[in-house]
Amino acid sequence: MLDKIATIIYNYRSWIKVQLFIFKRIGYLLALSNKRTLKRRNNNMKKIVTIALIFGLSLIISACAVSHGHALFQTKQTFEQRLTSLEESPSRFSDWVADQIIEQRLKTITIDYDCFSLPSCRAQVVRVKKSLPDIKIRIYVNAMELFERSRELNQRPVQQKIAQTVKANYPNYYLRDINGHRIQYWQQYEMYMMNLSSQCPEYNDKPWSEFLVDSLYEQVYRPNARLIDGIEIDNMWPYVSWINEFRNVQIDLNNDGQPEDYWTLDYYWRQGMFHLIDSIRHKFPAGFIVTGRGFHYRYNSRLDGLTFEHIFKHGEDGIQGGNFSKVDRWIRLSQAGKYYTWNAIQKQQTHNITQYVISLLGDGYFALDGGDTGHGEFSTFPGYVDLGQSIGPARYPYQVVFDSDQSLLGLQGDYTPQANNWLRLDNGQTIAINAKKGQQVQFYYQILSGQYCASEIKFTYPGMPEKDEKQFDAHRWQDGEYYALATEDGAFAWSYTGPGYALLTHIVIRDTNLGKPYFMRQYEKGYVYYNPGDQPIYLEFPGQGVVELKSGQGKILLSQ
């Protein structure tokens, strides 16, 4: 309700003029009351009281609008072409949500696939598509889990049918432990995990992933083909081995009663995820959009984009890693012209606008959401700043010295990259790269062994305290990435211990601007800045002022 009131106040700022008029009228009536009889004065006082009540009520409503975080910027919504809404659930896809989607002219939305089987929900989808024929509608699917709790299944007829069919006829599609018990990741919702790995037992020559794709195609897509443009896959994990520790189980992928080691679990899980994506490409028509939710680089080449969920924390690791790497990847991916979405979870107004400012650095989509355990909320964010069109891509707070994806030149150290740009480290080998203060390295690595083994890769950089030396244990994680910043002159060094070998699959070395490490992008009417550390994040309007965003700050107003 407050959202609606605030939006009305924002759109009808003539309230202020009305209040001034009423104020003047009260003064006139007070003066008049001194000249009239007591009877007339009493009548006028009744009028005054009534008018004063209206005046006070209008002030209260206006105050609620501002305190609720709206009407902060008196500007038009020029960011609408990159706004999106995530995972509208069947029970919440109301006519009001459809009205907001149409009013804000969203360019893409993600809707739970069961929406299309409910008449009231489907009617809203039809209305949205009719009003916005260019909107891209993706169906949301959690390929890794199925509900069993009746409360959820009662409003999910398609999932209910799939769950009942699997439980009755294809029980080995569930992910099980060595005792044959089904595994739950999210226990509170009675959701059971499905075997997405390439070792999933098959029925009628089909694993779980193909059965799911066929079910979605026949029950959801075919009856609604003109409404559906793509699919978004949730929980696109590169690893599943951590479930063993998280739930104190031993996963058995092929139901032979024996546990798989960590390396085998994760390898077959990724192969199964690749097969899921390929099955969608094969089953659905050309041009069908396939996106995922996650931050892992492995699946990116097979997808049309990623959704980055609730990933921002103010000051998180700064330029040393963490938030810097997330923003860096967001910009690089979103400017690739695909469907990349930066999903901001509502917290405080500063947090929300900071997320929005970061999203302006790229050309992807922006979604303001209600929580991180479900994305069925729809939230408006009317305070967009009119910056006009962007003038070129974002500028980075560094210069790339070397990128192994683009260069075959040797680095400053004692080796030359191989022809495929992958650097191999055998047991006991160390590779070092000379570095200067202010240089940053980003590297991806894989550890490849002929058998499961105890291996590790160590990473050090100039200025790192010895006790903080990074070690990556191959018992569990067979690949990963890392960012680090040299705080002194010295050398970045990698060393590997164990059988088999390690591959450094991607290396980027940058010279950073430590004095002012801003990401920056110019627009027709101003600039967007973002510092990945604890420094201010702000918008600049030449000749007008600066919108400065700081952690914990309350209202944010454009200074004139």
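These numbers come from a predicted model, not from an experiment.

Undergrad: Summarise unusual backbone geometry; cite the residues concerned and give the values.
TA: Positive phi values are uncommon outside glycine, yet Asn 248 reaches one of about 55°. Relative to the helices and strands, Asn 248 is located in the loop between α9 (242-246) and β8 (251-252).

Undergrad: Hey, could you go over the confidence of the model for the protein for me, with residue numbers and the actual values?
TA: Regions with low pLDDT carry predicted coordinates that are not meant to be interpreted in detail. The predicted model of the protein has a mean per-residue pLDDT of 74, with 67% of residues at 70 or higher. Per-element averaging of pLDDT across the protein places helix α1 (residues 2-11) at the bottom with 38 and helix α8 (residues 208-221) at the top with 97. Every residue in residues 35-39 scores below 50 in pLDDT, and together they form 1 contact with partners more than four places removed in sequence or on other chains. Low confidence marks residues 314-321, where pLDDT is under 50. Its contacts with residues over four positions away, or in another chain, come to 27 contacts.

Undergrad: Any chance you could break down the packing of α8 against helix α10 (residues 262-283) for me, citing the residues and the numbers?
TA: Where α8 meets α10, the axes come as close as 9 Å, and the angle between the chain directions of the two elements is 35°. Relative to α10, the crossing made by α8 is right-handed. Across from Ser 209, Glu 210, Val 213, Asp 214, Tyr 217 and Glu 218 in α8, the residues of α10 making contact are His 275, Leu 276, Ser 279, Ile 280 and Lys 283. Classifying every residue of the contact of α8 with α10 by side-chain character gives 4 nonpolar, 3 polar and 4 charged.

Undergrad: Tell me about helix α7 (residues 157-169), residues and numbers included.
TA: For α7, with 13 residues, the first-to-last C-alpha span of 18 Å sits near the 18 Å given by 1.5 Å per residue. Val 158, Gln 159, Ile 162, Ala 163 and Val 166 are the residues of α7 that are buried. For α7, the angular spread of buried residues about the axis comes to 130°, placing them on one side. Looking at α7, the residues exposed on the side facing more than 90 degrees away from the buried face are Gln 164 and Ala 168. For α7, the elements touching its buried residues are β4 (145-147), α6 (150-153) and α8.

Undergrad: Account for the packing of α7 against α8, naming residues and giving values.
TA: The geometry of α7 relative to α8 is characterised by a closest axis approach of 11 Å and an angle of 140° between their N-to-C directions. In the crossing of α7 with α8, the sense of the turn from one axis to the other is right-handed. Taking contact as the criterion, the partners of Val 158, Lys 161, Ile 162, Thr 165 and Val 166 in α7 are, on α8, Trp 208, Phe 211, Leu 212, Ser 215, Gln 219 and Val 220. Among the residues making up the contact of α7 with α8, the classes are represented as 7 nonpolar, 3 polar and 1 charged.

Undergrad: Lay out the environment of Asn 235 with the relevant residues and their values.
TA: Mapping Asn 235 onto the fold places it in the loop between β7 (230-233) and α9. Residue class for Asn 235 comes out buried when judged on its relative accessible area of 16%. Here Asn 235 is in contact with Asn 142, Met 144, Glu 145, Met 273 and Arg 293, once residues within four sequence places are set aside. For Asn 235, the side chain forms a polar contact with the side chain of Asn 142, separated by 3.2 Å.

Undergrad: Pulling in residues and values, what's your account of α10?
TA: Between its first and last C-alpha atoms α10 spans 32 Å; for 22 residues at 1.5 Å apiece the expected length is 32 Å, and the two agree. Burial in α10 covers these residues: Thr 264, Leu 265, Asp 266, Trp 269, Arg 270, Gly 272, Met 273, Phe 274, Leu 276, Ile 277, Ser 279 and Ile 280.

Undergrad: Please give an account of the pattern of salt bridges that cites residues and values.
TA: Summed over the entire model, instances satisfying the criterion amount to 14 salt bridges. The residue Lys 129 makes a salt bridge to Asp 229 at a minimum N-O spacing of 2.7 Å. On the criterion of sequence distance, the pair formed by Lys 129 in helix α5 (residues 119-131) and Asp 229 in the loop between α8 and β7 is long-range, its members being 100 residues apart. Exposure class is identical for Lys 129 and Asp 229. Each is buried.

Undergrad: Could you give an account of the environment of Phe 366, with specific residues and numbers?
TA: Its location among the elements puts Phe 366 in strand β12 (residues 365-369). For Phe 366, a relative accessible area of 0% translates into the label buried. Spatially, the C-alpha atoms of Phe 366 and Arg 82 are 6.1 Å apart, while their sequence positions differ by 284 residues.

Undergrad: So, the nonpolar core: which residues are in play, and what are the values?
TA: In terms of nonpolar packing, the biggest core is built from 96 residues, with Phe 93 and Trp 208 touching the most fellow members. With 8 residues, the single largest contributor to this core is α8. Listed in part, the 25 residues of the second largest apolar core include Ile 447, Tyr 461, Ala 502 and Leu 504.

Undergrad: Before we move on, can you summarise the packing of aromatic side chains with the specific residues and values?
TA: Going through the model one piece at a time under the given rule, you end up with 30 aromatic pairs. A ring pair is formed by Trp 208 and Phe 211, whose centres lie 6.1 Å apart and whose planes are at 40°; its orientation type is tilted. One end of the pair is Trp 208 and the other is Phe 211, both in helix α8 and 3 residues apart, which spans about a single turn. Each member of the pair Trp 208 and Phe 211 is classed as buried. With a centroid separation of 5.4 Å and 70° between ring planes, the pair formed by Trp 330 and Trp 342 is classed as edge-to-face.

Conventions we followed
Residues numbered from 1 in each chain as written. Predicted model: local features only at pLDDT ≥ 70, side-chain atom pairs only at ≥ 80, totals over all residues. Heavy atoms only, no water. Helix = DSSP H or I, 4+ residues; strand = E, 2+ residues; numbered from the N terminus. pLDDT = per-residue confidence, 0-100. Contact = heavy atoms within 4.5 Å. Axes fitted to C-alpha atoms, helices over the stretch in contact; angles between N-to-C directions. Left-handed = near helix turned anticlockwise from the far one by under 90°. Nonpolar A, V, L, I, M, F, W, Y, C, P; charged D, E, K, R; others polar. Expected span 1.5 Å × (residues − 1). Buried < 20%, exposed > 50% of the residue type's maximum accessible area, 1.4 Å probe, protein only. Arc of directions from axis to C-beta. Polar contact = N/O pair within 3.5 Å; in protein donor to acceptor, adjacent residues only side chain to side chain. Salt bridge = Lys/Arg side-chain N within 4 Å of Asp/Glu carboxyl O. Core = buried A, V, L, I, M, F, W, Y, C linked by side-chain atoms within 4.5 Å. Phe/Tyr/Trp six-rings, centres within 6.5 Å; stacked < 30°, edge-to-face > 60°.

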